[in-house]
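# Chains, contacts and geometry: an overview
Single-letter residue listing:
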Amino acid sequence: MDKGVTPDTEWVTALAIEPTTRRTVSPGTAPFTVDDLLRFPDDGNRYELFNGSLVVSPAPTPLHQRVIFRLQCILDEAAPPGLEPLSTVNVRPGEKDFYIPDLVVVPEKASESVPLMFAPSDLLLAVEVVSPGTRAFDRNTKAAAYAAAGIPVYWRVEPDEGPTLYVYELDDDSYKGPVAYEAGTTVSLSAPYPVSFDPAVLVAPRGSKP
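Everything numeric in this text was worked out from a predicted model, so none of it was measured. (Residues numbered from 1 in each chain as written. Predicted model: local features only at pLDDT ≥ 70, side-chain atom pairs only at ≥ 80, totals over all residues. Heavy atoms only, no water.)

When helices and strands are counted, the protein chain shows 4 helices and 14 strands. Looking at the protein chain residue by residue over its 210 residues, the buried ones come to 46%. For the protein chain, the accessible surface area stands at approximately 10,500 Å², while carbon and sulfur atoms represent 51% of it. (Helix = DSSP H or I, 4+ residues; strand = E, 2+ residues; numbered from the N terminus. Buried < 20%, exposed > 50% of the residue type's maximum accessible area, 1.4 Å probe, protein only. Areas by Shrake-Rupley, 256 points an atom, 1.4 Å probe, with all protein chains shown as cover.)

Written out as structure tokens, the structure is:
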């Protein structure tokens, strides 16, 4: 194993729902469908479905937004013609599943033709930036869901760990790994396309060198 790269072997089965103080719709009775979700009010929360179970999370914190924006810029600069990174898009694997990854990489042709929801087959990469209340959910439930949907690469960024980037790659119908890349090391990845960066830049103030 390369220096600075460590395996992540923790497995937590508990469902995590990020606390929110914003007004939410009365959830009713599960299982929910995507059609149910589309009738929810626009109240500033993020509503997702995992096999009909509703998961609610609030608007991202400033640090969360910083990480998403920095990583999107890095991916955008490295992207080859025809591919682009987008943040907080809708992904619909089925009638009872509806995901909103923090960041994805998709073909530009798909961006131009999709009116509201991407299919999982459009995604080359899905990224989640972990918050304290979603750690177990992002590590396990989302990783399993994204693998089952056939998304070839999943990145999990943990800002509280330096930050650390965890990379999952699809092997048949499940992800192998993940492999962890810590702040202070240069990450050189080939998927979804060649890109290199130090995870430390994802949380560093503008204009500073990590």
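A word on the confidence of the model for the protein chain. On average, residues of the protein chain carry a pLDDT of 84, and 84% of them reach 70 or more. Low pLDDT, under 50, characterises residues 1-26; the predicted model gives this stretch 59 contacts beyond four residues in sequence or across chains. (pLDDT = per-residue confidence, 0-100. Contact = heavy atoms within 4.5 Å.)

Taken together, the side chains of Asp76, Glu77, Glu108 and Glu112 present a region of like negative charge at the surface. Mapped by element, the contributors of at least two residues to the negative patch are helix 2 (62-78) and helix 3 (108-113). Mapped onto the elements of the fold, aspartate 76 is located in helix 2. Take aspartate 76: its relative accessible area is 48%, and that puts it in the partly exposed class. (Patch = residues over 30% accessible without salt bridge, like charges linked within 9 Å, V, L, I, M, F, W, Y side chains within 5 Å. Salt bridge = Lys/Arg side-chain N within 4 Å of Asp/Glu carboxyl O. Lys, Arg positive; Asp, Glu negative; His and termini not counted. Charge placed at Lys NZ, Arg CZ, Asp CG, Glu CD.)

We now examine the pairing of strand 3 (residues 53-57). With 4 of its 5 residues buried, strand 3 lies for the most part within the structure. Direction of pairing for strand 2 (residues 46-50) relative to strand 3: antiparallel, over a ladder of 5 bridges. In the sheet register, tyrosine 47 faces strand 3, and the bridge partner there is valine 56. In this structure, the hairpin formed by strand 2 and strand 3 is closed by a connection of 2 residues, where asparagine 51 is found at a positive phi of approximately 55°. (Pairing = 2+ DSSP bridges.)

Another aspect to go through is helix 4 (residues 135-148). Between its terminal C-alpha atoms helix 4 stretches 19 Å, which fits the 20 Å expected from 14 residues at 1.5 Å a residue. Within helix 4, 10 of the 14 residues are buried, leaving the element largely enclosed by the surrounding structure. Buried within helix 4 are the following residues: Ala136, Phe137, Asp138, Arg139, Asn140, Lys142, Ala143, Ala145, Tyr146 and Ala147. Of the residues one or two after helix 4, glycine 150 is the one with positive phi, at around 85°. (Expected span 1.5 Å × (residues − 1).)

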